[in-house]
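Fold and contact review
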Amino acid sequence: MRMRRLRQNKVIREMLKETRLNVSEFIYPLFLVEGENIKREIKSMPGIYHFSLDKLEEEILELVDLGIKAVLLFGVPASKDSCGSSAYADDGIIQRGIKKIKSITDEILVITDVCMCEYTDHGHCGIVDENGNVLNDETLEYLAKISVSHAKMGADIIAPSDMMDLRVEKIRKALDENGFKYTPIMSYSAKYASSYYGPFRDAAESAPQFGDRLSYQMDFHNGQEAMREIELDLEEGADFIIIKPALSYLDIIKEAKYNFNTHIVAYNVSGEYSMVTNAIKAGLLDESIIYEKLISIKRAGADLIISYHAKQMAKWIKEGKY
């Protein structure tokens, strides 16, 4: 047997590709900010922008034209407090952002990140006591409140990213009781405490003001623990599970694919995006690395990919480059 026989020309190689990317598998993150006439590049994430709501239409219509089917919304509020009240306010940035996108098109699924870090003055993902401890069960009430407020405005999918225990169960119950039993939950089930989040924290203004998130985000030394986290979220009612980050956690994606009959979403996070983008800009890597990277995530077992590269990849696919 000579394996190279099946690599001799482009047609054979194309026919025998085991892994392919489809634009409909991408989810594109958007950062929404208060104000007007704002489309401001995020310094730590070249090519990614903050948008005020009045500047959203052009961006959303471009995504529709490219065939991208879903966005993931993050909000940067005008004010913050200890309980993140702007996260569940009827006139919050995400609540108004959902309504704005829905007024532009019905061809984009709106997924909303549910967490408190962008909205709290301390930058942690939950309620904090006087000793700086993040309180799990007290936080659940707020996460449920945020989720229902998003659903009321028309969010298609709720994506809790806080990593509090039992939050999927709490959110599912709250959604059901408020008439949203058919609103799916896309849970960040295996979210690791990672240094790859640095540029995101700059973009979302969500860095913790003290301490760290090691008590609630996952220890990156552990793999089997991720399987337990995923199992628990599915038992509580999660419809999708997210594994985050993606590139250094391809083993987790692959094992989850083998172990669970569910929809697996990989988050190709900000640090992964910025490393590759800056390396391309510096001439250290060819831009084809973007395609190779996304293929590796899909090959590991991801059904959907959240990526800041989604627009560029969609353009290349549309042009027939890949």
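Residues numbered from 1 in each chain as written. Predicted model: local features only at pLDDT ≥ 70, side-chain atom pairs only at ≥ 80, totals over all residues. Heavy atoms only, no water.

For the rest of this paragraph, the subject is the state of the cysteines. Enumeration over the complete set of coordinates arrives at 0 disulfides. In this model Cys115 remains outside any disulfide bridge; the closest cysteine sulfur is found in Cys125, 3.5 Å from its own. Residue classification places Cys115 among the buried residues on the basis of a relative accessible area of 1%. (Disulfide = S-S within 2.5 Å. Buried < 20%, exposed > 50% of the residue type's maximum accessible area, 1.4 Å probe, protein only.)

Of the voids in this model, the largest pocket is the one considered here, and its volume is about 340 Å³. Lining the largest pocket we find 20 residues, and of these Pro46, Gly47, Tyr273, Tyr308 and Gln312 sit closest to its centre. Every element with two or more residues in the lining of the largest pocket is listed here: helix H2 (56–66), helix H9 (270–281) and helix H11 (310–319). A breakdown of the residues in the lining of the largest pocket according to their chemical character gives 9 nonpolar, 4 polar and 7 charged. (1 Å grid on protein atoms, 1.4 Å probe; cavity = no way out; pocket = protein on both sides within 12 Å on 5 of 7 lines; lining within 4 Å. Points joined across faces, edges and corners; volume = space filled by probe spheres on them. Helix = DSSP H or I, 4+ residues; strand = E, 2+ residues; numbered from the N terminus. Nonpolar A, V, L, I, M, F, W, Y, C, P; charged D, E, K, R; others polar.)

Our focus in this paragraph is the packing of H9 against helix H10 (residues 288–300). Between H9 and H10, the shortest axis-to-axis distance is 10 Å and the interhelical angle comes to 155 degrees. As summarised for this structure, H9 and H10 are arranged roughly antiparallel, according to the angle between their axes. H9 and H10 meet at a crossing whose hand is right-handed. Here H9 contributes Glu272, Tyr273, Val276 and Ile280 to the contact with H10, which in turn contributes Ile289, Ile290 and Lys293. For the contact of H9 with H10, the residue count by class is 5 nonpolar, no polar and 2 charged. (Axes fitted to C-alpha atoms, helices over the stretch in contact; angles between N-to-C directions. Parallel < 35°, antiparallel > 145°, perpendicular 65-115°, else oblique. Left-handed = near helix turned anticlockwise from the far one by under 90°. Contact = heavy atoms within 4.5 Å.)

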